Amino acid sequence: MRYLAQARGLGDALLVAINSDRAVRELKGSDRPTINQTERAEILAALRHVDYVTIFDELSPRTLIGHLLPDVLVKGGDYGLDQIHGREEVEAAGGKVVSIPFVEGASTTSLIDKIRKGK
């Protein structure tokens, strides 16, 4: 929620792009996603900070970002600016790229680990 609120404050509208179920499995393993893409999109769309949600099937959002060319591209701080896919395209079009500070332990992987360990 913190990331979404901060991201929304940086522009006029917030579009959240999420990985498809197929891409999540390829990136995170066969036991993921925990929640399917339709449900994830519905949950995000219901949040007041989110204006639009889209699902992309590629492993990287670079192509989608290149088509959309947002004024501001935002990613969580677990990625350095040089690791953010689509950065070059957005900056070349005059936009800016922002890395929001990472909140330690605030990830699905961390939550799943805690549940599995019974903590």
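Rules behind the numbers
- Residues numbered from 1 in each chain as written.
- Predicted model: local features only at pLDDT ≥ 70, side-chain atom pairs only at ≥ 80, totals over all residues.
- Heavy atoms only, no water.
- Helix = DSSP H or I, 4+ residues; strand = E, 2+ residues; numbered from the N terminus.
- Rg over C-alpha atoms; globule rule 2.2 N^0.38 Å.
- Buried < 20%, exposed > 50% of the residue type's maximum accessible area, 1.4 Å probe, protein only.
- Contact = heavy atoms within 4.5 Å.
- Core = buried A, V, L, I, M, F, W, Y, C linked by side-chain atoms within 4.5 Å.
- Patch = residues over 30% accessible without salt bridge, like charges linked within 9 Å, V, L, I, M, F, W, Y side chains within 5 Å.
- Areas by Shrake-Rupley, 256 points an atom, 1.4 Å probe, with all protein chains shown as cover.
- Salt bridge = Lys/Arg side-chain N within 4 Å of Asp/Glu carboxyl O.

### Some points on the overall build of the protein chain
The helix and strand tally for the protein chain stands at six helices and four strands. Taken from N to C terminus, the helices and strands of the protein chain fall in the order α-β-α-α-β-α-β-α-β-α. Here the protein chain has a C-alpha radius of gyration of 15 Å; the compact-globule value for 119 residues is 14 Å, and the two agree. Projected onto its principal axes, the C-alpha coordinates of the protein chain cover approximately 45 × 30 × 25 Å. Counting over 119 residues, the protein chain shows a buried share of 24%. Sequence-distant contacts in the protein chain: of pairs separated by 6 or more residues, those separated by 24 or more amount to 58%.

### Notes on the nonpolar core
Residues Leu4, Ala7, Leu14, Val16, Ile18, Ala41, Leu44, Val50 and Ile100 constitute the largest nonpolar core, which totals nine residues. Going through the elements one at a time, helix 1 (2-8), strand 1 (15-19) and helix 3 (37-45) are the ones with two or more residues in this core. Residues contacting Ala7, with those up to four places away along its chain left out, are Leu14, Val74 and Ile100. Core analysis: the second largest hydrophobic core is formed by five residues, Ile65, Ile84, Val90 and Val97 among them.

### Concerning a nonpolar patch on the surface
A grouping of Leu15, Tyr52 and Leu68 is seen on the molecular surface, where their side chains present a nonpolar patch of about 300 Å² in accessible area. Mapped onto the secondary structure, Leu68 falls in helix 4 (residues 62-68).

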